[in-house]
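Topology and contacts: notes
Listed below, chain by chain, are the residues.
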Amino acid sequence: MAITAKDVKELREKTGVGMMECKKALTEAGGDMDKAIDILREKGAAMVAKKAGRVAADGAVVTYYDEAAKKGVIVEVNSETDFVAKNQKFVDFCNDVAKTIIAKNPADVEALMGETLVEAGITVNDKLTELIQEIKENMKVRRFEVIDGTMVSYIHAGGAVGVVVKFDTDDAIAAKPEFVAMGKNVAMQIAAMSPEYLDKENISAEELEKMKSFTIDGALNHPDSLPMPILNDLIKEATDEKKWSDEDITIYQGLDNKQRKNFVNFISKEALETLATIAKSHKAEIVENKIFNGLVQGRFNKQIKEICLLEQEFVRADLFKGDVQGYVASVAKELGGDIKVTGFIRYAKGEGIEKKEENFADEIASMVKGE
């Protein structure tokens, strides 16, 4: 059967594969269009397997929200390069995957790959295979999370970071543009400030204790930041018991009161390390000191404000001065209702994926040597 240019064009439009590959597949299939598609998919699967070992740490994060179902999703799909992440076919695939998750409710990524992609008539896995075959770069759906209820999303820098924020409020409030604007501002806060928790109540007692322990150890490891009464006792021990070198003792004793406030600029590194060792040896009694406890509590509270969303300082000071929780409350008051932030998810593309460091000089040298 003669293969016409029209046949090749039709196969290309159906698969997105190059003209020459379409012609070869049609020739091999004896002009049978369906068989040619199967041939291209088989070749695509082989290409996927070949490229599977290549690191895909770029890509995009996308979100989708079905207002009728009150269900949303955040998805990360990876590619090898930023160039492919901007390809419209890749972008369309990511968005279709998000819609498919809402429509089919798969349990995980593995189950998702076997679902039929919305408006495509083939599985997510087969569509991804076609995409890899056409673009010739490793790609994969990495992760997703489904959110039930009212949510607002924000995508930063074309998919570099994606955030969804879940709220508890009534439908009338959720429908107002002021609510949506507030939700986006909170999402942007999360994208910029990367909080780890919603609030202090979401941190386990064990984790809080660990954080406090790290704060105490951090203070003891930097004795120059300790309250002066404690620091003076430590220095007295270092000098009286000759735990510092004679040179450091002489230097310190030659400092005036003003210079002693910045004594770390004058003594040796070894002397400061010795001071930290002395501080740690008195840990039990130091932690009982009320002044020290005040210092630790202050640092601990500051850390909580940095890692807990609702306690973070709201970055849009032009809109509201105070913490995020205060900002949300102010909008709720303005709208005449209740609004509560109940959770959030933040994805950054490629986070946690170990990227291969390319050494192009060594690679070219290896090619020249024929290795």
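Before reading further, recall that the structure is shown in the block above.
These lines cover the structure that appears in this document, whether it is placed above or below. The model shown is predicted, which means the values in this text are computed figures rather than measured ones.

Further remarks concern the packing of helix α11 (residues 228-240) against helix α14 (residues 269-281). The geometry of α11 relative to α14 is characterised by a closest axis approach of 10 Å and an angle of 110° between their N-to-C directions. Considering their axes alone, α11 and α14 lie roughly perpendicular with respect to each other. Crossing geometry of α11 relative to α14 is assigned as right-handed. Only L275, I278 and A279 of α14 make contact with α11, whose side of the interface consists of L231, L234, I235, E237 and A238. Looking at the contact of α11 with α14 residue by residue, the classes come out as seven nonpolar, no polar and one charged.

Before going further, it helps to examine the packing of aromatic side chains. The relative placement of two aromatic rings is captured by the distance of their centres and the angle of their planes. What the rule picks out here adds up to five aromatic pairs. Consider the rings of W244 and Y252, whose centres lie 5.8 Å apart with planes at 75°: the pair is edge-to-face. Here W244 falls in the buried class, since its relative accessible area comes to 3%. Ring centres of F320 and Y327 lie 6.2 Å apart, and the angle between their planes is 50°; on these two criteria the pair is classed as tilted.

In spatial order, the strands read β4-β5-β6; together these three strands make up an open sheet with antiparallel pairing. Strands with a single pairing partner mark the edges of an open sheet, and in this sheet they are β4 (150-156) and β6 (340-348). Direction aside, the axes of adjacent strands within the sheet are offset by 15° on average. Bridge count between β4 and strand β5 (residues 161-168): seven bridges; the pairing is antiparallel. Note on β5: the bridge partner recorded for T150 is F167.

This part is about the environment of E273. Mapped onto the elements of the fold, E273 is located in helix α14. Relative accessible area serves as the criterion here: at 44%, E273 is assigned to the partly exposed category. Residues E273 and Q325, spaced 52 residues apart in sequence, show a C-alpha to C-alpha distance of 41 Å.

Further remarks concern helix α2 (residues 19-28). For α2, the complete set of buried residues consists of C22, A25 and L26. An end-on view of α2 places all buried positions within 100° of arc, on one side of the element. α2 presents M20, K24, T27 and E28 as exposed residues on the side facing more than 90 degrees away from its buried surface. Where α2 terminates, the next one or two residues include G30, which has phi positive at roughly 65°.

Located in the positive-phi region is K70, a residue other than glycine, with phi close to 50°. Looking at the secondary structure, you find K70 in the loop between β1 (60-66) and β2 (71-79). Here the phi dihedral of K136 falls at roughly 65°; this positive angle occurs in a residue that is not glycine. Within the secondary structure, K136 is located in the loop between α7 (124-135) and β3 (139-148).

Before going further, it helps to examine the packing of helix α1 (residues 5-15) against α2. Taken N-terminus to C-terminus, the directions of α1 and α2 make an angle of 110°; their axes are 9 Å apart at the nearest point. By the criterion of interaxial angle, the relationship of α1 to α2 is roughly perpendicular. You can see that α1 and α2 cross each other, and the crossing is right-handed. Taking contact as the criterion, the partners of D7, V8, L11, R12 and T15 in α1 are, on α2, M19, C22, K23, A25 and L26.

A few words on the environment of A56. On the secondary structure map, A56 appears in the loop between α3 (33-51) and β1. Note on A56: relative accessible area 5%, which makes it buried. In this structure, the C-alpha to C-alpha distance between A56 and V264, residues 208 residues apart in sequence, is 47 Å.

Glancing now at the sheet that holds β1. Sheet architecture is open: three strands sit in the order β1-β2-β3, paired in antiparallel fashion. Looking along the sheet, the strands with just one partner apiece sit at the ends: β1 and β3. On average, each strand axis in the sheet is inclined to that of its neighbour by 15°, with strand direction left out of account. By the bridge criterion, nine bridges tie β2 to β3 in an arrangement that is antiparallel. Bridge pairing in β3 links G72 to I147. The strands touched by helix α5 (residues 88-104) within the sheet are β1, β2 and β3, with β2 carrying the most contacts at an inclination of about 145°.

On to the nonpolar core, then. Generally speaking, soluble globular proteins have nonpolar side chains that are buried together. In this structure, M182, V186, L309 and I339 are the most contacted members of the largest nonpolar core, which totals 27 residues. Only β4, β5, α9 (177-193), α17 (324-335) and β6 provide two or more residues apiece to this core. Once residues within four sequence positions are removed from consideration, L309 is found in contact with V186, Q189, I190, P195, Y197, L198, V324, V341 and F344. Formed by 25 residues, the second largest nonpolar core is a distinct cluster that contains A60, C94, V97 and M113.

Cut-offs applied
- Every chain begins its residue count from 1, and numbering advances along the sequence as written.
- It should be noted that, the model being predicted, local features are given only for residues of pLDDT at least 70 and side-chain atom pairs only at 80 or more, the latter also being counted only at that level, while totals for whole chains, interfaces and linings use all residues.
- Just so you know, side-chain values use all the structure's heavy atoms and leave hydrogens and water out.
- Lines fitted to C-alpha atoms define the axes, with helix axes restricted to the stretch in contact, and inter-axis angles between N-to-C directions lie between 0 and 180 degrees.
- In this description a helix means any DSSP run of H or I spanning at least four residues, a strand means any run of E spanning at least two, and both kinds are numbered starting from the N terminus.
- By the definition adopted for this analysis, an angle is roughly parallel if under 35 degrees, roughly antiparallel if over 145, roughly perpendicular if from 65 to 115, and oblique otherwise.
- Helix crossings fall into two classes, left-handed where the near helix is turned counterclockwise from the far one by less than a right angle and right-handed where it is turned clockwise.
- The criterion used for residue contact is that any of the two residues' heavy atoms lie within 4.5 Å.
- The residue classification treats Ala, Val, Leu, Ile, Met, Phe, Trp, Tyr, Cys and Pro as nonpolar and Asp, Glu, Lys and Arg as charged. All others, Gly included, are polar.
- To pair, rings of Phe, Tyr and Trp, with the six-membered ring standing in for Trp, must have centres within 6.5 Å; the planes then decide the type, stacked if under 30 degrees apart, edge-to-face if over 60, and tilted in the middle.
- We call a residue buried when its accessible area falls under 20% of the maximum for its residue type, exposed when it is over 50%, and partly exposed in between, using a 1.4 Å probe and counting protein chains only.
- Here, a strand pair is defined by DSSP locating no fewer than two bridges between the strands.
- Each direction from the helix axis to a C-beta atom contributes to the arc, which is the arc of those directions.
- The definition of a nonpolar core used throughout is a set of buried Ala, Val, Leu, Ile, Met, Phe, Trp, Tyr and Cys residues joined through side-chain atoms within 4.5 Å.

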